[in-house]
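The lines below spell out each chain.
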Amino acid sequence: MMSTEFNERLPEPLEQRAQVWIVGTREQVNHIVNEMHVRQMADRSQFSPLVPSPFSPGKFMSVLLR
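Residues numbered from 1 in each chain as written. Predicted model: local features only at pLDDT ≥ 70, side-chain atom pairs only at ≥ 80, totals over all residues. Heavy atoms only, no water.

A.B. asks: Would you mind going over the pattern of salt bridges with me for this structure?
C.D. replies: Note that side chains of opposite charge can pair when their charged atoms are close. Summed over all chains, the structure comprises one salt bridge. In this structure, R39 and E35 form a salt bridge, with 2.9 Å as the shortest nitrogen-oxygen distance. Given the relative accessible area of 57%, R39 is considered exposed. (Salt bridge = Lys/Arg side-chain N within 4 Å of Asp/Glu carboxyl O. Buried < 20%, exposed > 50% of the residue type's maximum accessible area, 1.4 Å probe, protein only.)

A.B. asks: What is the right way to read the packing of aromatic side chains from this model?
C.D. replies: The geometry of two aromatic rings is summed up by the distance between their centres and the angle between their planes. For the structure on display, the rule yields one aromatic pair. Relative to F55, the ring of W21 lies with its centre 5.9 Å away and its plane at 25°, an arrangement referred to as stacked. Here W21 is found in strand β1 (residues 19-24), whereas its partner F55 is found in the loop between β2 (51-52) and β3 (60-65), with 34 residues between them in sequence. (Phe/Tyr/Trp six-rings, centres within 6.5 Å; stacked < 30°, edge-to-face > 60°. Helix = DSSP H or I, 4+ residues; strand = E, 2+ residues; numbered from the N terminus.)

A.B. asks: Which parts of the structure should I look at to understand a nonpolar patch on the surface?
C.D. replies: Together, W21, V23 and F55 make up an exposed nonpolar region whose accessible area comes to about 260 Å². For V23, the location among the structural elements is in strand β1. (Patch = residues over 30% accessible without salt bridge, like charges linked within 9 Å, V, L, I, M, F, W, Y side chains within 5 Å. Areas by Shrake-Rupley, 256 points an atom, 1.4 Å probe, with all protein chains shown as cover.)

A.B. asks: What is the right way to read the sheet that holds β1 from this model?
C.D. replies: Reading across from one edge, β1-β3-β2 is the order of the three strands in this open sheet, with antiparallel pairing throughout. Sheet topology places β1 and β2 at the edges, where each strand pairs with a single neighbour. The sheet contact formed by β1 and β3 spans six bridges and is antiparallel. Of the residues in β3, the one forming a bridge with W21 is V63. On the sheet, helix α2 (residues 26-38) packs against β1 and β3 and is oriented at approximately 140° with respect to β1. (Pairing = 2+ DSSP bridges. Contact = heavy atoms within 4.5 Å. Axes fitted to C-alpha atoms, helices over the stretch in contact; angles between N-to-C directions.)

A.B. asks: Would you mind going over the pairing of β3 with me for this structure?
C.D. replies: The two faces of a sheet get side chains in turn, since along a regular strand they alternate between them. Counting buried positions over the six residues of β3 gives six, a clear majority of the element. Neither face of β3 is exposed, since F60, S62 and L64 on one face and M61, V63 and L65 on the opposite face are all buried. In this structure, β2 lies alongside β3, joined through two bridges in antiparallel fashion. Paired with V51 across the bridge in β3 is M61.

Put into structure tokens, the structure is as follows:
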């Protein structure tokens, strides 16, 4: 279950947009975000800020909102 704090960081209500969740180490998440940007799959501005994962201790996450 996502935390209220994380929900508040998203720019629009969750039910209104499709999402791609990226969960891993800080380096893994940053690498995937950068790779998706370089391959022109998504702009960096479409990703939520990198935050600690509320359901996986020691991991981080970012959400791509489309």
